[in-house]
Every structure is written in C-alpha cells, then in structure tokens.
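# Per-entry structural report
Listed below, chain by chain, are the residues.
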Amino acid sequence: MSTIFGFFGCGLLSLAAVATGLRLQRFPVGVRIAVMLAAALAVFAPLGDLSAAAYVRGVTGDLSMTTLVLAGAACVAQLTGQTVIAPRDLRALFWLVASAAAFLYPFALGWTQFDPYALGYGSIVFVTALLLVTLAAWHFRRNVVALIVITAALVYLIGAYESRNLWDYLIDPLAALYALVRLLAGLRRGPGPHAELGIPR
Amino acid sequence: MSQLRLASLVAVALAFGGLYYRILVAPSPGGFAPPQAAPRAVSSTTPLYRPQLLPNSAERSVHSATAAEISGGRLRAFWYGGSREGAADVAIYTSIYSSVEGTWSPERAVVTREAAQRHLQRHLRKLGNPVVGRDRNGRLLLFFVSVSVGGWAGSAINLMVSEDEGGTWSAPRRLIASPFFNISTLVKGSPLQFADGTIGLPVYHEMLGKFGELLRLDAEGHAIRKTRLSSGRSSLQPVIVPRSETEAVGFMRYAGNPPNRVLMVRTTDGGATWTPPVKTSLPNPNAAVGGVLLANGPLLLALNNAEENRESLSLASSTDFGDTWRIAHEFDGDSSSLHPPMREYSYPWIMQDGAGDVHLLYTWGRTRIKHVRFNRAWLAGRR
C-alpha cells in the first residue's frame, strides 16, 4: 500500500510542476486536459525499470499531506482557472508550515540532544499541541489547515506510508521551502490580493 | 452552526481520538533482552587462533563485513563489493562459514542495485554498508544502505528479512528515520533485541552533523521510536553492547578535533536515555570499531590502535565494562607478514558464537574480507 500512496503522491507533484511550469490556464480547456493526460502518462508510465514518478520518489521520498494538497490545488487551478484555496487560508498554512519547519529541521540535524522528530512517533504533548492548532484553525475558519491535519492524521493512522512518524505525514522539506519562499515573496510585495495558489499576478 | 462546520468538527474529533488512542494503547518500551549468560557449548581448552581471507573471485573492492550465526553453528557473512566503493555495480554479497571444516563457501550476490531499485520503486545510485541481526522469531534481518542522490550523506536504510537462514529474502523495505527526505541515515553497528520483541538498530547521520541514534523497529521493520546517542558533528557509527536489561555501553567513531579517541556512552534505563559521549583512553583515527561482551566477560573492542591511520587492527579488552582497557593483540599491522596493496585494516565486526568462539571480520586492504576465529583459551594466553 505504501508504494502505491507514495508513488501517487510523487506523480501528483510532478503533474503540478508540469501544469504550473507551462502555465496551462493560458490555453483552452481542451488543450489543458490533453496536456495533463499526456503528462500523467509520461509521469506514471515506466521508462525501463522505473517511471518518472519513481525517480522523483527516489529523491523526495513520500510526500506530506501539505505538499499533496498544495500540488492538487495547483493542478486544479491550472486546469480550471479557479482558485481552490483562499489567500487567507494559504497565509495561515504557510506561517504554520514555516514555524513547524523552524522547530523541526534544525534540531533534526543533531545540533542538540533534543530531537523533535522523535515526538512524531507518539507523544501526548505533540498531539495535544497539534489539536490546539487544528481547533484554532477550525474556529477561525482556516479550513485548509484543518483539512491537512485531519487528512494527515487519518492517513497516518491507517499506515499508508512507510513512515510511522506523524511529522512525515504533516510536512516535508518541499512544503517548508515553498512556504518560506511564498512568505518572503509576500513580505517583499506587501499586502495584496495576489496570493492565490497557481494564479500569477 | 452549519452542517459542514459540524462535520469538520466531528472529523477533528475522530482523527485526534485515533491519535490519542494509538498513544495510550502503545506498550511501554521494554529494556534490552538479557544477553547470553553462557555459551551453549564449551569452547575448547586448546588455544585456537585461525585467520583466513574470504573468497573474492569477482570484485576488486570489498568493504564493511557483517555476520550472524546460523543453524549448525555456521556463520553467514555479508559485505559489499564492486569495481570501487560507491560504483553502480556494487552489490551485497554473502558467504557461509562452516565451523567444522573451517572454510568459507564461494560468495554470491544477495542484492544488487538494480534489484533493490526495482523492488523499492525508487531510483538508486549505489549500495553501501550491510548489517545483519536476528529478531525474536529467529528471522535474519539484513539492513543495508542505499543512496539515490549525492554521496553517503544522502543515504537511507533498507531492510530485507529471511526466514530460512539467508537462503531466500523478502523484497527490501525502506526504513524512515529522518525528516529530510529520509536521507542521511546509515548503519554499521550490530542490531540488538529488546525484551518487548522490538529491534534496536544503532544508526548515524552524516548530513551537516555527525551523530548517533538508536532506532527501535517493530516486528514489520518500521521505526517506531528513536533515541539520540549523541549530537553535534563528530560522532558516528555507534556500536551498542548491552550487559543487562537496563545497562549498556556504546562506542562511536570520532571525527572531531584531536585528541582522537574512541567515544563512549552509557545507559542505565534500557536505552531510554544516554550519557553524553566521553573520550576513552583508546585511540581512534576516525574509523569504525566493533564490540562484543563475551558470555561471563570480558568486553572486547576491535579497533585501529592509532590516532592517524588504519594501518593496524587490534583487540582491546576490558574487565570493568569499558572503564579501563588493555590492548590484548594486534591482528594486522606492522608485524603482519603479508600485506595487501593498500595497507588498510578497517571496519571490524566482532561476535561470539554459540560454542563460545569469537569471530572477527574486517576489511583487508579494501580488496578482501578477513576472518579471524579465536577462543577463550587463546585470549587467556594474551594476558
């Protein structure tokens, strides 16, 4: 099961990269669909022993729900021309992901004996903190944050990935880097209505 | 409250109810499985010391041997070999040692890069260190390093399982042990068993930092817990030697500033927490060590007994579980009559078999794996 989930996730990321790179929404709907179908074939079809998705998986490993939701939203945005995630939701998500990454990654490099990644194997404190964040997101209607946490928790509980660490279902370095870049770009640009995912200014 | 809002709140409750339930029903981790109190058979009282090179008919470069005792008092060894370290043709090889005949079988490949890549559905660039151990059900567990991108700092660990003493193997499974795309986790030290049936796997990380950790794996080989053995940028390749359910000592290769010494950590709570690493009196030229606690002692450490090079390999012995050491023997080095082209003796793996004999495997000049078998009677004569 983990291979199928992981494989699908990396394929979705590849499709999002193709769609966003080509800025598919510039083209007629028929062309968008045809390009995405061709891209899906190219991504998932084996090239020798492995497919392009498998090569991506070799580098990235299995992708977090944050990355998958963002990749899915980017695909939908390029296919339909419609914004899927509200800008305020995105901003909240990016701040949360960047904060979590700042907490997780430096310590994971072994700077101290404290290892926040170990909390992901089953810590009441960690899960409670995550619950509070999720309830706050629900209360303030930051729906994408709540959706990602709920999905990550459920996928973690069924053991869909190779990992048994909740962190791996929540965030990954790609999501962290993307969040950081978008936040920095937003800070440089100042407040504005241009933060829709996949929609250029 | 709209129905959608209510449904999402129910979803939050369900998801977190599941997370809390999983934590609350998880068994508390047990201590180390009690080490073997005495050998199953009595080792000969006649001193035995038998060195030999393992067969190597195909590969120009071999490294990082590991071994486990299998049925019939035999040993099954593994190592990696290829045209050079890190080459795409590197595979994991195995050979069987018959303790009766005192000979090794011709080597055969257990896993190649292409086969591992196909099973893991990931691009792999090269294979590296294997280590072998057993779980509570008697299955052989073969862990090996693979790299998809970059050098050894980009490593991940894979696991194959054999239920027939290494004759056939399951498809490899990827272990997840790092949040950075799961890269930079390697193995060198012997796996160990915990009393609760989980497996302890000493691992280390090499990306930016160099530090050791102890992973706990469930019966399916998933990492379910981990404990940091050290931090910073100078300790790697941990080897852990339990003495009781609660006590163990760990040794690590040192990659920091002089003086270059073997690092040591201890635990007294079954591996839940570890003391900060301290430098022992034993030198270490940034090279792996191997350790074993013989039934009824002493503690043995195979190491390069120098601060700057790997041109000799020695045996250190401790009767106080690592507090003090003496060098008992030099296996290879200046006194050796036969030298390989590259004078490097490294990556020792040391273990005791059920008959009480001790087996040491190490890289001999990067071109061969060398095996030394000795017994207590020989060791007693080294005092």
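Source: prediction; values computed, not measured.

### What to know about the packing of helix α5 (residues 87-108) of chain A against helix α8 (residues 143-157) of chain A
Residues and elements named next belong to chain A. Direction vectors running N to C along α5 and α8 enclose 50 degrees, while the axes themselves pass 7 Å from each other. One finds that α5 runs oblique with respect to α8. Only N143, V144 and V145 of α8 make contact with α5, whose side of the interface consists of D89, A92, L93 and L96. Here the contact of α5 with α8 is built from residues that sort into five nonpolar, one polar and one charged.

### Here we look at the confidence of the model for chain B
If pLDDT is low for a region, its predicted coordinates should not be looked at in detail. Residues at a pLDDT of 70 or more form 96% of chain B, whose mean pLDDT is 93. Note on the complex model: pTM 0.92, ipTM 0.90.

### Here's the deal with the interface of chain B and chain A
Contact with chain B, which involves 40 residues of that partner, is made by 42 residues of chain A. Elements represented by at least two residues in the side of chain B that touches chain A include exactly α1 (3-25), α2 (113-120) and β15 (223-228) of chain B. The dominant element in the side of chain B that touches chain A, judged by the number of residues it contributes, is α1(B), at 11 residues. A per-class count over the side of chain B that touches chain A returns 19 nonpolar, 13 polar and eight charged.

### What about the domain arrangement of chain A?
All names here are of chain A. Segmenting chain A into domains produces domain 1 (1-82) and domain 2 (85-187). With centres defined by C-alpha atoms, the gap from domain 1 to domain 2 works out at 22 Å. Contact with domain 1, which involves 14 residues of that partner, is made by 20 residues of domain 2. Per-element accounting of the side of domain 1 that touches domain 2 gives the leading share, six residues, to helix α4 (residues 65-80). The residue inventory of the side of domain 1 that touches domain 2, partitioned by class, reads seven nonpolar, six polar and one charged.

### As for the sheet that holds strand β1 (residues 49-53) of chain B
Residue and element names in this part refer to chain B. Spatial ordering of the open sheet is given by β1-β26-β25-β24, a layout of four strands whose pairing is antiparallel. Each end of this open sheet is capped by a strand with a single partner; those strands are β1 and β24 (345-352). Taking the axes of each pair of neighbouring strands and ignoring which way they run, one obtains an average angle of 15 degrees across the sheet. Pairing geometry for β24 and strand β25 (residues 358-364), over six bridges, is antiparallel. By the bridge assignment, M351 is partnered in β25 with H359.

### Points about unusual backbone geometry
Residues and elements named next belong to chain B. Cis geometry is found at the peptide bond from P258 to P259, where omega equals 0 degrees. Tracing the backbone through its elements, the reader meets P259 in the loop between β17 (248-254) and β18 (261-267). The peptide bond linking G297 to P298 adopts the cis configuration, its omega dihedral lying at -5 degrees. Here P298 is to be found in the loop between β20 (290-293) and β21 (299-303). Phi angles above zero are rare outside glycine, and N296 is one such case at about 70 degrees. Structurally, the position occupied by N296 is in the loop between β20 and β21. Overall, the presence of 11 C-beta atoms within 10 Å leaves N296 in the exposed class. Even without a glycine there, the phi angle at Y347 is positive, about 55 degrees. Along the chain, the position of Y347 falls in strand β24.

Criteria and cut-off values
Residues numbered from 1 in each chain as written. Chains lettered and ligands numbered in written order. Predicted model: local features only at pLDDT ≥ 70, side-chain atom pairs only at ≥ 80, totals over all residues. Axes fitted to C-alpha atoms, helices over the stretch in contact; angles between N-to-C directions. Helix = DSSP H or I, 4+ residues; strand = E, 2+ residues; numbered from the N terminus. Parallel < 35°, antiparallel > 145°, perpendicular 65-115°, else oblique. Contact = placed C-beta atoms within 7 Å. Nonpolar A, V, L, I, M, F, W, Y, C, P; charged D, E, K, R; others polar. pLDDT = per-residue confidence, 0-100. Domains from an automatic or database assignment. Pairing = 2+ DSSP bridges. Buried ≥ 20, exposed ≤ 12 C-beta atoms within 10 Å, placed from the backbone.

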